[in-house]
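The residues making up each chain are set out below.
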Amino acid sequence: MTMPADRYIKPGLFTTRVFNPAVAFLARRLGLSMKGARVLSVQGRKTGEWHSTPVNPLSFAGQRYLVAPRGETQWVRNIRVSRQARLALGRKTDTVHVVEVPDSEKPPILRAYLEEWAWEVNQFFGGVGADASDDALARIAPQHPVFRIVS
């Protein structure tokens, strides 16, 4: 059974009003990262305004990735248009360029992401964990956009 690729899990009130602002404050203002979290800023595809959200970048097999555990978020839609973003931790901000990873290449990346971040994002993967089969990870791959950071 394949799930729709345009799936999006909207964050709840606690996430939008407490958790994300706290992580963003720690990362951006104090330079403190919770297990590598950064603040991602992407320019809006319609307005051109910059929008920011905390993300959990993944280092895997010598590459860096951005994974969207909630699916087709606004940052995903925006980064698909701009192909670039800013990743910030404290006063250090890096402008990065990204390339979207095809579904066929996602299973090992999703496995590594779940190994690293399951404690925070597991609920968005429909019961599929880091120990799942390659087939199970391939089945959910279309629901979770992944971007390779190329610079």
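For every chain, the first residue of the written sequence is number 1, and numbering continues from 1 onward in sequence order. Local features in this predicted model are restricted to residues whose pLDDT is 70 or higher, and side-chain atom pairs enter the listing and the counts only when it is 80 or higher, whereas totals over whole chains, interfaces and linings include all residues. The side-chain quantities take in all heavy atoms of the structure and omit both hydrogens and water.

*Asks:* Give a description of the overall build of the protein that names residues and reports values.
*Replies:* Only DSSP runs of H or I with at least four residues qualify as helices, and only runs of E with at least two residues qualify as strands; both kinds are numbered from the N terminus onward. Assigned secondary structure in the protein consists of four helices and seven strands. Shown N-terminal to C-terminal, the secondary structure of the protein runs as helices and strands in the order α-β-β-β-β-α-β-β-α-α-β. Accessible area is worked out with a 1.4 Å probe on protein chains only. A residue is then buried under 20% of its type maximum, exposed over 50%, and partly exposed in between. Residues counted as buried form 43% of the 151 residues belonging to the protein. For the protein, the share of sequence-separated contacts (at least 6 apart) that also reach a separation of at least 24 residues comes to 63%. Method for areas: the Shrake-Rupley scheme with a 1.4 Å probe, in which residue coverage is limited to the protein chains shown. Counting only carbon and sulfur atoms, one obtains 52% of the accessible surface of the protein, whose full area is about 8200 Å². Residue contacts follow a heavy-atom distance rule, with two residues in contact if any of their heavy atoms lie within 4.5 Å.

*Asks:* Break down unusual backbone geometry for me, citing the residues and quoting the values.
*Replies:* The phi torsion at Ala-61 lies on the positive side, around 50°, for a residue other than glycine. The exposure class assigned to Ala-61 is exposed, which follows from its relative accessible area of 65%.

*Asks:* Give me the pairing of strand β2 (residues 50–55): which residues, what numbers.
*Replies:* For two strands to be treated as a pair, DSSP must find no fewer than two bridges joining them. Pairing between strand β1 (residues 38–43) and β2: six bridges, direction antiparallel. Bridged to Leu-40 within β2 is Thr-53. Where β1 folds back on β2, the antiparallel hairpin that results is connected by six residues, among which Gly-48 adopts a positive phi of roughly 80°.

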